[in-house]
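Listed below are the residues making up each chain.
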Amino acid sequence: MITDNRLIESCKRELPDGDVIIVKDVFLRGQEYKRLSEMIEMSKEMLKGMIELVPDEDIETIYNVIIKFIPEDTPLPDEIVAIERANRSIAENGTIPHNAINWD
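Criteria and thresholds
- Residues numbered from 1 in each chain as written.
- Predicted model: local features only at pLDDT ≥ 70, side-chain atom pairs only at ≥ 80, totals over all residues.
- Heavy atoms only, no water.
- Helix = DSSP H or I, 4+ residues; strand = E, 2+ residues; numbered from the N terminus.
- Buried < 20%, exposed > 50% of the residue type's maximum accessible area, 1.4 Å probe, protein only.
- Areas by Shrake-Rupley, 256 points an atom, 1.4 Å probe, with all protein chains shown as cover.
- Patch = residues over 30% accessible without salt bridge, like charges linked within 9 Å, V, L, I, M, F, W, Y side chains within 5 Å.
- Salt bridge = Lys/Arg side-chain N within 4 Å of Asp/Glu carboxyl O.
- Expected span 1.5 Å × (residues − 1).
- Lys, Arg positive; Asp, Glu negative; His and termini not counted.
- Charge placed at Lys NZ, Arg CZ, Asp CG, Glu CD.
- pLDDT = per-residue confidence, 0-100.
- Contact = heavy atoms within 4.5 Å.

K.L.:
It is not clear to me how the overall build of the protein chain should be interpreted in this structure. Could you clarify?
P.N.:
Along its length, the protein chain carries 6 helices and 2 strands. Start at the N end of the protein chain and walk to the C end: the helices and strands fall as α-β-β-α-α-α-α-α. Residues counted as buried form 18% of the 104 residues belonging to the protein chain. Element-wise, carbon and sulfur atoms account for 55% of the exposed surface of the protein chain, whose accessible area totals about 9,200 Å².

Here is the structure:
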């Protein structure tokens, strides 16, 4: 049974008829949750609360799913030029090992 009040509060939803449900009450019942899910507006707060229910051994799987929805940054034109210039310099001149640099 979930006793963390923050989690319970983040899972509370008011239905159109004014009733309040706590999603954790129906989440574990599967089919009932699916039926009621059309009346519940999913939110980031609700997802945060649901993550608390995920077993530790499944966290990496959840991470791999969520990371696919985070947009990648598109490099700006001047960044692309700088990357191309750096790649040409490395191809022509190579690199210097870190320990070959006198840092003093």
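K.L.:
Is there a simple way to think about a nonpolar patch on the surface in this case?
P.N.:
Taken together, the side chains of Ile-51, Ile-59, Tyr-63, Ile-66, Ile-67 and Ile-70 define a hydrophobic patch exposed on the protein surface, amounting to about 520 Å² of accessible area. Ranked by residue count, the leading element in the nonpolar patch is helix 5 (residues 59-67), at 4 residues. With respect to the helices, strands and loops of the structure, Ile-66 is situated in helix 5. The class of Ile-66 is partly exposed, set by a relative accessible area of 41%.

K.L.:
Can you help me understand helix 6 (residues 77-93) in this one?
P.N.:
Helical geometry note: an α-helix holds 3.6 residues per turn, so side chains three or four residues apart project in the same direction. With 17 residues, helix 6 extends 24 Å between its outermost C-alpha atoms, agreeing within 8% with the 24 Å of an ideal straight helix rising 1.5 Å per residue. Gly-94 sits one or two positions beyond helix 6 and adopts a positive phi of about 75°.

K.L.:
Which parts of the structure should I look at to understand a negative patch on the surface?
P.N.:
There is a patch of like negative charges on the surface, built from Glu-72, Asp-73, Asp-78 and Glu-79. By the secondary structure assignment, Asp-73 is in the loop between helix 5 and helix 6. Classification of Asp-73 by relative accessible area gives exposed; the value is 76%.

K.L.:
I'm lost on the confidence of the model for the protein chain in this one. Help?
P.N.:
For residues with low pLDDT, the predicted coordinates do not support detailed interpretation. Averaged over all residues, the pLDDT of the protein chain is 76; the fraction at 70 or higher stands at 62%. The least confident element of the protein chain is helix 2 (residues 23-27), whose mean pLDDT is 48; the most confident is helix 6, at 95. Long-range and interchain partners of residues 25-29, a stretch whose pLDDT sits below 50, account for 6 contacts in this model, where long-range means more than four residues apart.

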